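Reading the structure
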Amino acid sequence: MFVERPYRIVVAKPGLDGHDRGAKTITRALRDHGFEVIYTGLHQTPEQIAETVLQEDADGVGLSLLSGAHLTLFPRVMAELKNRDLDDVMIFGGGVIPDGDVAILKEQGVSEIFGPGSSLRAIGEWLESALDERENA
């Protein structure tokens, strides 16, 4: 199944984590699913990520973290989005994030977290459905 309209997604690697294989994999999978995807590359600050989301008029942002700094960096990205009046941008993430921290991130407004081994197809289908639902609300 392919998206009805080309949603724009920014995939970002915040912080000092230098491992981007997962981010590149999800970027390709989302493109194959029909999304327009902008990958920011490594070592992005929350400010840089939010500015890219603004400039690209993105519908969503996927954050990929393996460094353990998710409870610091996710909220900082969300604050930078809010500072730019981008509260409606859907935030999701992936990486090695403990279940207890997933619950905290969701309470803070992150829509979904995908851990290692998540189905790329399921991620694309979830994102499409979530954005369609938001768009039709």
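Summarised in this report is the structure supplied together with it.

1. Observations concerning the packing of aromatic side chains
What characterises a pair of aromatic rings is the spacing of the ring centres plus the angle enclosed by the ring planes. A complete count under the given rule lists three aromatic pairs for this structure. Connected via pairs of aromatic rings, a cluster forms that spans F92, F114 and W126.

2. What about the packing of helix α2 (residues 46–56) against helix α3 (residues 70–83)?
Close contact between α2 and α3 brings their axes to 8 Å; oriented N to C, the two are set at 45°. By the angle class used here, α2 and α3 are oblique. By crossing handedness, the relation of α2 to α3 is classed as right-handed. Contacts between α2 and α3 involve P46, E47, I49, A50 and V53 on the former and, on the latter, L73, R76, V77, E80 and L81.

3. Things to note about the pairing of strand β4 (residues 90–95)
Counting buried positions along β4 gives six out of six residues, so the element sits mostly inside the fold. Two strands pair when backbone bridges link them, and strand β3 (residues 60–65) and β4 are joined in this way by six bridges, in the parallel orientation. The partner of V61 across the bridge, within β4, is I91.

4. A word on the environment of L16
Within the element layout of this structure, L16 appears in the loop between β1 (8–12) and α1 (21–33). L16 sits in the exposed class, given a relative accessible area of 78%. Separated by 14 residues in the primary sequence, L16 and L30 have C-alpha atoms spaced 24 Å apart.

What counts, and where the lines are drawn
- Residues numbered from 1 in each chain as written.
- Predicted model: local features only at pLDDT ≥ 70, side-chain atom pairs only at ≥ 80, totals over all residues.
- Heavy atoms only, no water.
- Phe/Tyr/Trp six-rings, centres within 6.5 Å; stacked < 30°, edge-to-face > 60°.
- Axes fitted to C-alpha atoms, helices over the stretch in contact; angles between N-to-C directions.
- Helix = DSSP H or I, 4+ residues; strand = E, 2+ residues; numbered from the N terminus.
- Parallel < 35°, antiparallel > 145°, perpendicular 65-115°, else oblique.
- Left-handed = near helix turned anticlockwise from the far one by under 90°.
- Contact = heavy atoms within 4.5 Å.
- Buried < 20%, exposed > 50% of the residue type's maximum accessible area, 1.4 Å probe, protein only.
- Pairing = 2+ DSSP bridges.

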